[in-house]
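# Residue-level structure breakdown
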Amino acid sequence: MNPCDQTIHELQDLLARGEISAVELTRSYLERIDALDPTVGAYLTLARESALEQAAEADRRRSAGDAPSLCGIPLAIKDVLCTKGLRTTCGSRILENFIPPYDATVIEKLKTAGAVILGKVSMDEFAMGSSNENCAFGTPRNPWSLEHVCGGSSGGSGAAVAAGLCAGSLGSDTGGSIRQPASYCGVVGLKPTYGRVSRYGLVAYASSLDQVGPLTRDVTDCAILLQAISGFDPRDSTSIDRPTPDYRAALGQGGAGLTVGVPREYFGDGLDPEVERAVRQGIDALAAAGARIVDISLPHSAYGVAAYYIIAPAEASSNLSRFDGVRYGLRDLEADSLIDMFQRTRAQGFGPEVKRRIIIGAFALSSGYYDAYYKKASQVRTLIVEDFRRAFAECDVIAAPVTPTPAWRLGERLHDPLSMYLSDILTIPANLAGLPGMSLPCGFSSAGLPIGLQLMANHFAEETLLRAAFAVEQELALERRTPPL
Ligand code: GLN
């Protein structure tokens, strides 16, 4: 048995029975990373020493009879979450040497739960992208096919979980960045309800959309990690004060009694037939588990991409103004005035996609254009929220594809931003409406690339979401495979 191929819940049992120690487990992961990550390229920073210290501490805690839920479980963290004393780059030159003086709330929670942080994993710069090709420090590859993208922006998380380079990972999702790489890498990913998980210490991209969530090997692991990171945080003004349910307990309740809505607009032009076939199999699995399947309509979904690519850049242009060479990271030393220093620092520090977003966002917010773009986009957002409100009067869960196609070839869309943006069409609506959404494996394409099923539920209905996902996972019983690396 290779411990790196196990799920978190299996590792919990192995650790509890004393069949492996946290230090041994962490060593196994570090060895596997040394062997395979030169090929995959998931890690930006490996925290070898601190990981082994945390593992030793986990072993001490366990022998003292204090073993919290993630005691000794090795995880990888998207490089957008602040980790005290551990470099946090956001995939950007401008933060190349930034070492945060504090932990994000979710990191604090993982540490309290006894987790081992193996390191920080790759992402599109400031979480802007759908292929991880916008990272300033190289592009990870899809472990299922090294010629294909692993998705983005949490591509390092998806690739690391798929390749067995960590037991689970945290990512962030603003327009699909957890669900899409989960789909492309054949793992489970969950974007929680906006407000469910603290954003404190998550470097902001678009604050009204961003959420932190888990990427894992199966649905049970997803419930376990969501449990560990959820809950009210007074340091995040958008965090909601509501008790965290027992997510794992929700899993075994089966599909009977659930109504699943299938939105006809999500199966339109441009949907790859292989994706459609696999997704329909996932929906059939829900029916086999006892769920009632109904046809629904989300008529304004098609406008989601246009609204999102105004709202997200608008918020980003404001959020990214803090990277000015004064307070964090890179500073140009040749400048001869303060303004010149701002300009030169930002010109060198940001990559082309980030600059494009700042320009679009600043334009959309500028006087004379605000009403035509930002206000209009906000109105469209309200229509999308209304669509979902009506849909959830008829169903408990919505089932759809995650993306129109499986992973594309590296480089294929890099110089065509519009085609890259359009690939987010099926994930963006959940962000605009603040709803929880998941991706879970439902099959493979003929080329051997994973395909994900997207499930969405009402605000704070993560239990229902996980219950439906678990039912699909049980019904499909896909063979658990590790990519041939
Ligand atoms: N691909 C989308 C974007 O580039 C979503 C990214 C994300 O969810 N962080 O903005």
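Residues numbered from 1 in each chain as written. Predicted model: local features only at pLDDT ≥ 70, side-chain atom pairs only at ≥ 80, totals over all residues. Heavy atoms only, no water.

### Focus: the overall build of the protein chain
Our working rule: Only DSSP runs of H or I with at least four residues qualify as helices, and only runs of E with at least two residues qualify as strands; both kinds are numbered from the N terminus onward. The globule rule used for comparison is 2.2 Å times the number of residues to the exponent 0.38, while the radius of gyration itself is calculated over C-alpha atoms. Partly exposed residues are those whose accessible area sits between 20% and 50% of the maximum for their type, while under 20% is buried and over 50% is exposed, using a 1.4 Å probe and protein chains only. Every residue pair with non-hydrogen atoms within 4.5 Å of one another is taken to be in contact. For the area figures, the Shrake-Rupley method with a 1.4 Å probe applies, and any residue is considered shielded solely by the protein chains shown. Here Asp and Glu are counted as negative and Lys and Arg as positive; His is not counted, and neither are the chain ends. Think of each charge as sitting on NZ of Lys, CZ of Arg, CG of Asp or CD of Glu.
Helix and strand counts for the protein chain come out as 16 helices and 11 strands. For the protein chain, whose C-alpha radius of gyration is 21 Å, the value lies close to the compact-globule estimate of 23 Å for 485 residues. In terms of overall dimensions, the protein chain has C-alpha extents of about 65 × 55 × 45 Å along its principal axes. Among the 485 residues that make up the protein chain, the fraction classed as buried is 61%. The long-range fraction of contacts in the protein chain, counting pairs at least 24 apart against all pairs at least 6 apart in sequence, stands at 76%. Looking at the protein chain as shown, the accessible area adds up to about 17,700 Å², and 51% of this sits on carbon and sulfur atoms. On the protein chain, the mean spot of the 45 positive side-chain charges and the mean spot of the 56 negative ones are 3 Å from each other.

### A closer look at the pattern of salt bridges
We apply this condition: Each reported salt bridge corresponds to a side-chain nitrogen of Lys or Arg within 4 Å of a carboxyl oxygen of Asp or Glu.
Throughout the structure, instances matching the rule amount to 20 salt bridges. Note that R17 and E19 form a salt bridge whose closest N and O atoms lie 2.6 Å from each other. Residues E96 and R93 are paired through a salt bridge, measuring 3.1 Å at the closest nitrogen-oxygen approach. For E96, a relative accessible area of 27% corresponds to the partly exposed category. Exposure remark for R93: the relative accessible area of 36% places this residue in the partly exposed category. Here the salt bridges share partners, and the residues they tie into one network are E108, D233 and R235.

### Remarks on the confidence of the model for the protein chain
Segments scoring low in pLDDT should not have their predicted coordinates read at a detailed level. Condition: Along the chain, pLDDT gives the predictor's confidence residue by residue, from 0 to 100.
Per-chain confidence: the protein chain averages 97 in pLDDT, with 100% of residues scoring 70 or above. Confidence, read as mean pLDDT per element, is least for helix 14 (residues 417-422) in the protein chain (91) and greatest for strand 2 (residues 74-78) (99).

### Section: the pairing of strand 7 (residues 259-263)
The two faces of a sheet get side chains in turn, since along a regular strand they alternate between them. For clarity, the threshold we go by: DSSP bridges decide pairing: two strands pair if at least two such bridges lie between them.
Counting buried positions along strand 7 yields five of five residues, so the element is predominantly enclosed. Residues T259, G261 and P263 point to one face of strand 7 and V260 and V262 to the other, with burial holding for every one of them. Note: strand 7 against strand 8 (residues 292-296), five bridges, orientation parallel. Among the inter-strand pairings, P263 is bridged to a residue of strand 8, identified as I296. Pairing between strand 7 and strand 9 (residues 397-401): two bridges, direction parallel. Along strand 9, the bridge assignment pairs V260 with V397.

### Some thoughts on the sheet that holds strand 3 (residues 116-121)
What counts here: Lines fitted to the C-alpha atoms define the axes, with helices restricted to the stretch that makes contact. Angles between their N-to-C directions range from 0 to 180 degrees.
In spatial order, the strands read 1-3-2-4-6-5-10-11-9-7-8; together these 11 strands make up an open sheet with mixed pairing. Strand pairing shows two members of the sheet lacking a second neighbour, strand 1 (43-46) and strand 8, which therefore form its edges. Between one strand and the next, the sheet's axes are offset by a mean angle of 30°, whatever the strand orientation. Two strands pair when backbone bridges link them, and strand 10 (residues 437-444) and strand 11 (residues 450-457) are joined in this way by seven bridges, in the antiparallel orientation. Across the sheet, F444 pairs through a bridge with P450, a residue of strand 11. Seen against the sheet, helix 7 (residues 219-229) touches strand 2, strand 4 (168-173), strand 5 (188-191), strand 6 (211-216) and strand 10 and runs at an angle of roughly 145° to strand 6.

### With respect to the pairing of strand 11
Burial runs high along strand 11: eight of the eight residues are buried. Residues P450, G452, Q454 and M456 of strand 11 are buried on one face, and the alternating residues I451, L453, L455 and A457, pointing to the opposite face, are buried as well. Taken together, the five bridges between strand 9 and strand 11 define a ladder with antiparallel strand orientation. The residue of strand 11 that forms the bridge with I398 is M456. Between the end of strand 10 and the start of strand 11, which pair antiparallel, lie five residues, with G448 showing a positive phi angle near 85°.

### Brief notes about the site of the ligand
Which entries qualify depends on this criterion: The rule for a residue being near a molecule or strand is that one of its heavy atoms must lie within 4 Å of it. Polar contact is the term for a pair of N or O atoms within 3.5 Å; when the atoms are in protein, one must be able to donate a hydrogen and the other to accept it, and sequence-neighboring residues count only if both atoms are side-chain atoms. Charged residues are taken to be Asp, Glu, Lys and Arg, nonpolar residues to be Ala, Val, Leu, Ile, Met, Phe, Trp, Tyr, Cys and Pro, and polar residues to be all remaining types, Gly included.
Residues in close proximity to the ligand total 15 residues, the closest being T174, G175, S177, Y205 and Y308. In this structure, an oxygen atom belonging to the ligand sits 2.6 Å away from a side-chain N or O atom of Y205. Burial of the ligand by the protein amounts to 99% of the accessible area it has alone, namely 290 Å². Within the shell around the ligand, the residues separate by chemical class into five nonpolar, seven polar and three charged.

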